[in-house]
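The residues making up each chain are set out below.
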Amino acid sequence: MPEQPRHPNHQPRWLSAPERETWQQFAMMLHRLPAALGAQLQQDADLSYIEYYVLAGLSDQPEHRMRMSDLAVLANSEQSRLSHLISRLERRGFVRREPDPTNGRYTHAILTDAGHAHLVEAAPGHAARVRDLIFDVLDPAELDNLRTAAKKISESIDHWEQRK
């Protein structure tokens, strides 16, 4: 949404009825989708949605390692919250921490072999649930539209964050 000028003569741009319905449906989906995916992950793999997302993020990195500060950005998490999450994953043997070899002021989170094995075991059920909830209910044109809309919204968010 474009930023609205803040002066006394400016009238708010209220949402139309179709826009309001779209926003309500979208907001409900944003709320319910992680919960639905998380319920499957918890039941099948004893992982929360964010734990799975962090393990998957680490698995995509060279040597399965990433600076904690970069991982916090990827997980859209505050560093203190991520640190607690990593501690839980460490206790389960899925992740370990090491000082960054190039700069000791930073710490790397590293996916262990046990963590990678658990992720590989959890991934098929997660992919099936994603397919059930999203890909199997949308036709190819709807998927194209969803991808385009998601990209545009993400770019808009990036734009506004850069203006801070």
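A short tour of the structure in this document, coming up. This structure is a prediction, so every number in the text was calculated from the model and none was measured.

**What about the overall build of the protein chain?**
On a plain count of helices and strands, the protein chain comes out with six helices and three strands. Its C-alpha radius of gyration of 20 Å places the protein chain more than 25% over the 15 Å reference for a compact globule of 164 residues. Along the first, second and third principal axes, the C-alpha set of the protein chain runs to 60 × 40 × 25 Å. The buried share of the protein chain, taken over its 164 residues, is 26%. Residue pairs in contact within the protein chain that sit at least 24 positions apart in sequence constitute 54% of those at least 6 positions apart.

**Some points on a nonpolar patch on the surface**
There is a patch of nonpolar side chains on the surface, built from L15, W23, F26, M29, L30, I153 and I157 and spanning about 620 Å² of accessible area. Looking at the nonpolar patch, the elements that each hand over two or more residues are α1 (17-45) and α6 (140-162). Looking at the nonpolar patch element by element, the count peaks at four residues for α1. Tracing the sequence through the fold places I153 in helix α6.

**Some remarks on the pattern of salt bridges**
Under the definition given, this model contains nine salt bridges. The salt bridge involving E90 is made with R97; its shortest N-O contact spans 3.1 Å. For R147, the salt bridge goes to D144, with nearest N and O atoms at 2.3 Å. You can see R147 and its partner D144 sitting in helix α6, three residues apart, about one turn around the helix. For R147, a relative accessible area of 53% puts it in the exposed group. When its relative accessible area of 38% is taken as the criterion, D144 is described as partly exposed.

**Description of helix α5 (residues 113-135)**
Side chains that are three or four residues apart share a direction in an α-helix, a result of its 3.6 residues per turn. Here α5 contains 23 residues, and its C-alpha end-to-end distance of 31 Å stays within 8% of the 33 Å for a straight helix at 1.5 Å per residue. Along α5, the largest kink reaches about 35° and is centred on A123; proline P124 follows within four residues of it. Listed in full, the buried residues belonging to α5 are G115, H118, L119, A122, H126, V130 and I134. Looking at the buried side of α5, the elements it contacts are α1, α2 (49-59), β3 (107-111) and α6.

**Points about the nonpolar core**
Within the largest apolar cluster, 23 residues are counted, with the highest numbers of intra-cluster contacts made by V54, I86 and L89. Considering each element in turn, this core owes the most residues, five residues, to α2. Setting aside residues up to four positions removed in sequence, L89 forms contacts with L47, E51, V54, L55, F94 and V95.

**Some points on the layout of surface pockets**
Roughly 1600 Å³ of internal volume is contained in the largest pocket. The wall of the largest pocket is formed by 37 residues, among which F26, M29, L30, L33 and A150 lie closest to the centre. Among the elements that line the lining of the largest pocket, the one with the most residues is α6, at 12 residues.

Thresholds, definitions, all that
- Residues numbered from 1 in each chain as written.
- Predicted model: local features only at pLDDT ≥ 70, side-chain atom pairs only at ≥ 80, totals over all residues.
- Heavy atoms only, no water.
- Helix = DSSP H or I, 4+ residues; strand = E, 2+ residues; numbered from the N terminus.
- Rg over C-alpha atoms; globule rule 2.2 N^0.38 Å.
- Buried < 20%, exposed > 50% of the residue type's maximum accessible area, 1.4 Å probe, protein only.
- Contact = heavy atoms within 4.5 Å.
- Patch = residues over 30% accessible without salt bridge, like charges linked within 9 Å, V, L, I, M, F, W, Y side chains within 5 Å.
- Areas by Shrake-Rupley, 256 points an atom, 1.4 Å probe, with all protein chains shown as cover.
- Salt bridge = Lys/Arg side-chain N within 4 Å of Asp/Glu carboxyl O.
- Expected span 1.5 Å × (residues − 1).
- Bend = angle between axes of the 7 residues up to and from the residue.
- Core = buried A, V, L, I, M, F, W, Y, C linked by side-chain atoms within 4.5 Å.
- 1 Å grid on protein atoms, 1.4 Å probe; cavity = no way out; pocket = protein on both sides within 12 Å on 5 of 7 lines; lining within 4 Å.
- Points joined across faces, edges and corners; volume = space filled by probe spheres on them.

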